[in-house]
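Chain residues, written in single-letter form:
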Amino acid sequence: MKKAKKILKAIVAVILTLIVLFGIYFVYVLIAYHRLEDNIALEITSTTDSFEECRTGEEYTIGTYNIGFGAYTPEYSFFMNGGKYSWAMSEEGLHENIDNIIGEIRSFEPDIMLLQEVDFGGTRTYNYDERSRIEELLEPGNVAFAQNYDSPYLFWPVYQPHGANKSGIFTYARFRITSSLRRSLPISESLSKLVDLDRCYSISRIPVENGRELVIINIHMSAYGSNPSVREGQINMFTEEMRREYEAGNYVIVGGDFNHNLRDEIDPDAPGWAQRFPREDLPEGFSLAFDVCQGETDIAHNTGRASEVPYDPATTYTVTLDGFFVSDNITVTSYHAVDTGYLYSDHDPVVMQFVLEE
């Protein structure tokens, strides 16, 4: 009887200790959580003193690629979706995959490149500065980097805590970027914000020889923990930005990971992060680039895959999450959803050629 009481007391003590520790951790997360300020002017990093002038009437190439913090090889599954891993599978493999991603990007010979989920110091990527490595290996040009979030330490999953992570969106151009601004997207105000993380887009300005500007908006919209009001708020914010720039006479390209199905279809079986993008909410003068492409268009391949299990081309759910919106003073001459078989990320890149009209 005495032995049973001792065991019961020990069990109660353990349970109380766990409750106290959880309470302390919960308070830490609430205190440590913060959003970056809105309207942050971004530093422009230059790797050359000689820039090509952006001109009307010439064809240029732009790409967008969510690199999935370099972790998502085909066998990778992510714990937030019910998968296995919370870190890249190995440090050596992460470094190799980032270099493979850069090689893929260089093969497009982009004049402008938009990247999302670029980590620069965090538990899940072994504190590797992916931003610096990408900048180092791209062709000489300008880079504007906007930090998306700086998350508190996440002690989950228990077997491999996700930890504290810093990630952002990366804009590269062969042209001179005169300024770039980080804008904070609206996110959930409830406790779900602790997993929704911070979200933003950047606005980078490239002067054109006719006195106008080519305005590049690089965006990564919410996926986890978002709700209809958050989605509506995010769409309203960046589409209003598009409208203002267009009315000012500028050329506007919006590219990135929209976390919506960009095809004009409603899939009743789609998961919550893959709902149809409401293209009817685009401002007057804007279109999805593949809808108005006047040249070769290849969008047979979907750009994003589900990541709760390793990639299986026969069974994995895929959807077109990534792409471009353009203003009608830009002619799209080709548009390609590149099929790598999700070799390097849970997303595949999109490459577009375009011409600025006089």
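Refer to the structure presented above.
Residues numbered from 1 in each chain as written. Predicted model: local features only at pLDDT ≥ 70, side-chain atom pairs only at ≥ 80, totals over all residues. Heavy atoms only, no water.

(A) Looking closely at the environment of Tyr335. With respect to the helices, strands and loops of the structure, Tyr335 is situated in strand β16 (residues 330–337). Separated by 191 residues in the primary sequence, Tyr335 and Ala144 have C-alpha atoms spaced 24 Å apart. (Helix = DSSP H or I, 4+ residues; strand = E, 2+ residues; numbered from the N terminus.)

(B) Focus on unusual backbone geometry. Unlike most non-glycine residues, Glu109 shows phi in positive territory, near 50°. Considering the arrangement of structural elements, one finds Glu109 in the loop between α2 (91–108) and β4 (112–122). When its relative accessible area of 56% is taken as the criterion, Glu109 is described as exposed. Of note in the backbone geometry, Tyr342 takes a positive phi value of approximately 55° without being a glycine. Structurally, Tyr342 is set in the loop between β16 and β17 (350–356). (Buried < 20%, exposed > 50% of the residue type's maximum accessible area, 1.4 Å probe, protein only.)

(C) Focus on the pairing of strand β3 (residues 59–66). Taking burial as the measure, the eight residues of β3 include seven buried ones, the bulk of the element. As defined by bridge partners, β3 adjoins β17 across six bridges and the pair is classed as antiparallel. Residue Thr61 lies in a different strand from β17, and its bridge partner there is Gln353. Where β3 meets β4, five bridges bridge the pair, whose relative direction is parallel. Each residue of the ladder has a partner; that of Ile62, found in β4, is Ile112. (Pairing = 2+ DSSP bridges.)

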